[in-house]
Amino acid sequence: MKKSTISDPFKEAREGKGFGEMNDQNDPVKMVLGHKDVRKCAHNWKTFQSGGEEVGRIVVPSEVHIREIRQIPFEVDPPEHKSYRDLVDPWFKRPLESSYQASLSEIINEVVDEALDKGVIEVVEGFSLKLQSRALTLLLNIPYDEADLWISWGTHVFRSEDTALDGDKANILYDYIDAQIDKAIANPGDDLYSVLLASEVNGKKMTKEEVKGVLILTFAGGRDTVINAVTNSIAYFADHPGSLDRLRAEPEIMNTAIEELIRYFSPLTQMGRVVTEDTQVCEHAVKAQSRISMCWASANRDERVFDRANEVVLDRKVNPHVAFGFGTHNCLGATHARQIMKILLTTLTQKVKSMEILDCKENIEDLDEFKRKVGYDSINVKFNKL
Amino acid sequence: MAKITFITSDGKTKTVEGTSGSVMELAVQNKIKGIDGDCGGVCSCATCHVHVKPEQWNLTGAPDELENDMLEFDENVSEYSRLSCQIKVSEDLDGLELTVAK
Ligand code: HEM
Ligand code: FES
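The present account deals with the structure reproduced in this document. (Residues numbered from 1 in each chain as written. Chains lettered and ligands numbered in written order. Predicted model: local features only at pLDDT ≥ 70, side-chain atom pairs only at ≥ 80, totals over all residues. Heavy atoms only, no water.)

### Digging into the packing of aromatic side chains
All names here are of chain A.
Alright, step 1. All chains considered together, the criterion is met by eight aromatic pairs over all chains.
Alright, step 2. Taken together, a centroid distance of 5.1 Å and an interplanar angle of 85° make the contact between Trp 150 and Phe 219 edge-to-face. Taken together, the residues span a long stretch of sequence, with Trp 150 in helix 6 (residues 147-152) and Phe 219 in helix 9 (residues 208-221) at a distance of 69 residues.
Alright, step 3. Accessibility expressed as a relative area gives 0% for Trp 150, which makes it buried.
Alright, step 4. Over the ring of Phe 19 we find Lys 17, and its NZ or CZ is 5.1 Å from the ring centre.
Alright, step 5. Positioned above the aromatic ring of Trp 91 is the side chain of Arg 94, whose terminal nitrogen or guanidinium carbon lies 4.1 Å from the ring centre. (Phe/Tyr/Trp six-rings, centres within 6.5 Å; stacked < 30°, edge-to-face > 60°. Helix = DSSP H or I, 4+ residues; strand = E, 2+ residues; numbered from the N terminus. Buried < 20%, exposed > 50% of the residue type's maximum accessible area, 1.4 Å probe, protein only. Lys NZ or Arg CZ within 6 Å of the ring centre and 35° of its normal.)

### As for the coordination of the iron atom of ligand 1
Alright, step 1. Donor atoms from the protein around the iron atom of ligand 1 number only one, Cys 331 of chain A (SG), found at 2.3 Å.
Alright, step 2. Relative to the helices and strands, Cys 331 of chain A resides in the loop between helix 13 (296-299) and helix 14 (334-351). (Donors = N, O, S within 2.8 Å, 3.2 Å for Na, K, Ca; no water.)

### Details of the pairing of strand 2 (residues 13-18) of chain B
Residues and elements named next belong to chain B.
Alright, step 1. Bridge count between strand 1 (residues 2-7) and strand 2: six bridges; the pairing is antiparallel. Bridging from a neighbouring strand, Ile 7 pairs with Thr 13 of strand 2.
Alright, step 2. The antiparallel pairing of strand 1 with strand 2 creates a hairpin that spans five residues between the two strands, and Gly 11 there sits at a positive phi of about 85°. (Pairing = 2+ DSSP bridges.)

### Section: the side chain of Asp 191 of chain A
Residues and elements named next belong to chain A.
Alright, step 1. Along the chain, Asp 191 falls in the loop between helix 7 (167-186) and helix 8 (192-197).
Alright, step 2. An unpaired buried charge is present at Asp 191: no salt bridge exists, and Lys 183, the closest side chain of opposite charge, is 9.0 Å distant.
Alright, step 3. From its side chain, Asp 191 meets the backbone nitrogen of Tyr 193 in a polar contact 3.2 Å long.
Alright, step 4. Those residues within four positions of Asp 191 in sequence are excluded, and the remaining contacts are Trp 91, Leu 140, Asn 141, Ile 142 and Ala 184. (Lys, Arg positive; Asp, Glu negative; His and termini not counted. Salt bridge = Lys/Arg side-chain N within 4 Å of Asp/Glu carboxyl O. Polar contact = N/O pair within 3.5 Å; in protein donor to acceptor, adjacent residues only side chain to side chain. Contact = heavy atoms within 4.5 Å.)

### Thoughts on the nonpolar core
All names here are of chain A.
Alright, step 1. Core analysis: the biggest nonpolar cluster contains 89 residues, and Phe 127, Tyr 193, Phe 219 and Phe 383 have the highest contact counts within it.
Alright, step 2. If you tally residues by element for this core, the top one is helix 5 (residues 123-140), at ten residues.
Alright, step 3. With 49 residues, the next largest nonpolar core counts Phe 74, Leu 217, Ile 292 and Val 322 among its residues. (Core = buried A, V, L, I, M, F, W, Y, C linked by side-chain atoms within 4.5 Å.)

So, in structure tokens, the structure goes:
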């Protein structure tokens with residue numbers, strides 16, 4: 001098995017009973033594994049809700065004990081969800097503007113040049129974290145230098161080495177966002193904080209709490225996911241030099257290649273919902289107030305939907321993956337993430353001849369019944385100039 | 001050359017011309033409201049959902065199995081729903097009228 005391989009630990013359970021069971025801090029989760037069942041549950045927001053009383057409960061591992069702020073629009077159900085989503089959607093489409101793409105291209109060229117100059121680099125901290133943090137300044141429309149502080153936090157802002165979740169660490173982020181909101185109130189500009197503070201939803205001005213809920217989500221949702229997508233791409237192309245050459249020769253497959261890599265990596269493994277009434281998933285009873293999750297990573301390897309599901313097929317034309325979710329809560333940051341991937345892959349084809357994984361430590365999520373590789377804790381890669 | 005008409009949620013009608021590519025690409029090039037084409041046409045995002053006029057269903061044909069699956073749990077589906085990234089532009093589509101789902 002190559003170092004870049006991400007295997008599918010869910011196959012047996014998916015093809016058997018169709019679900020898995022995970023005990024998470026004594027609040028068990030029934031993990032829905034098949035592509036169709038995942039889509040069905042994501043669609044049925046009335047029975048499988050995001051916006052329940054207990055904030056943080058739909059996240060796996062649960063954040064009930066470390067967070068009180070409701071994340072918006074993530075932990076709001078329709079119809080309220082739509083009002084918030086309509087407000088933020090245009091802002092999160094800005095990555096389609098050419099000026100945004102030009103700035104993003106500068107950011108990505110800078111990290112690729114640095115890697116090529118150094119020759120050998122630890123990709124998670126030295127490449128992906130920098131790229132992700134600097135790119136986030138564009139999404140928030142704030143100065144580039146602000147990324148230095150986020151980079152200094154390291155990759156473990158929400159998670160520490162020994163415990164899956166760390167309340168003290170999360171507080172660093174929450175206190176930081178509070179301070180930024182106060183700054184924007186005192187001195188409004190054209191950044192996301194100020195724009196949200198000046199906005200109305202259903203005729204009511206956005207409160208500080210609501211603005212904080214959007215910003216926390218933007219930081220949290222876009223961090224590990226993007227870092228893993230970027231790091232895993234480097235690992236994949238290092239292990240498959242022919243694929244990098246192919247992309248160089250056939251830039252027209254760029255779009256299918258990006259979607260395929262995102263499917264294969266599925267940087268967000270799963271997301272939960274709280275069950276509102278006694279019902280069934282996969283012909284199995286689930287009780288009101290219990291939790292289910294939709295396992296995007298498993299659905300994306302469902303052989304009933306994807307031929308050669310465990311292979312990266314760069315020109316896969318029909319690719320109904322759910323890596324960015326499905327339906328109501330589908331990923332708000334997807335436009336940004338896709339642009340990052342597009343510019344990263346383009347820059348690699350322009351500047352990098354080949355890459356070599358020297359050594360790596362895998363990041364394995366412990367999902368009780370399943371262990372899933374989602375990326376790397378660290379990975380040293382040698383970059384060779386074109 | 002095919003002339004294709006889009007009817008958007010604000011009640012506006014726009015007719016555009018295309019020769020190649022997918023109907024989604026044609027719509028995005030012409031900034032048709034409600035067709036975003038987020039996934040670039042791989043059948044993953046459903047932001048290219050349209051309703052075909054029943055009497056023109058034979059022009060586009062029905063969705064294949066995977067497309068049908070994605071539509072199955074989409075908002076606002078009808079018997080005549082298609083993901084427009086899966087419809088190829090060709091002369092045969094001349095005169096087609098599509099109502100944008102979003
Ligand atoms: C490759 C990178 C990414 C992946 C794979 C990913 C994946 C996902 C998935 C699967 C969902 C659905 C969650 C659910 O149904 O409950 C989601 C939602 C969301 N994501 Fe992402 N995400 C990525 C990047 C980002 C970025 C960069 C941001 C923002 C900076 C972001 C912000 C959000 C938000 C705000 C939501 C909730 C949307 C809503 O509730 O309406 N994501 N993401
Ligand atoms: S463009 Fe994404 S499904 Fe058609």
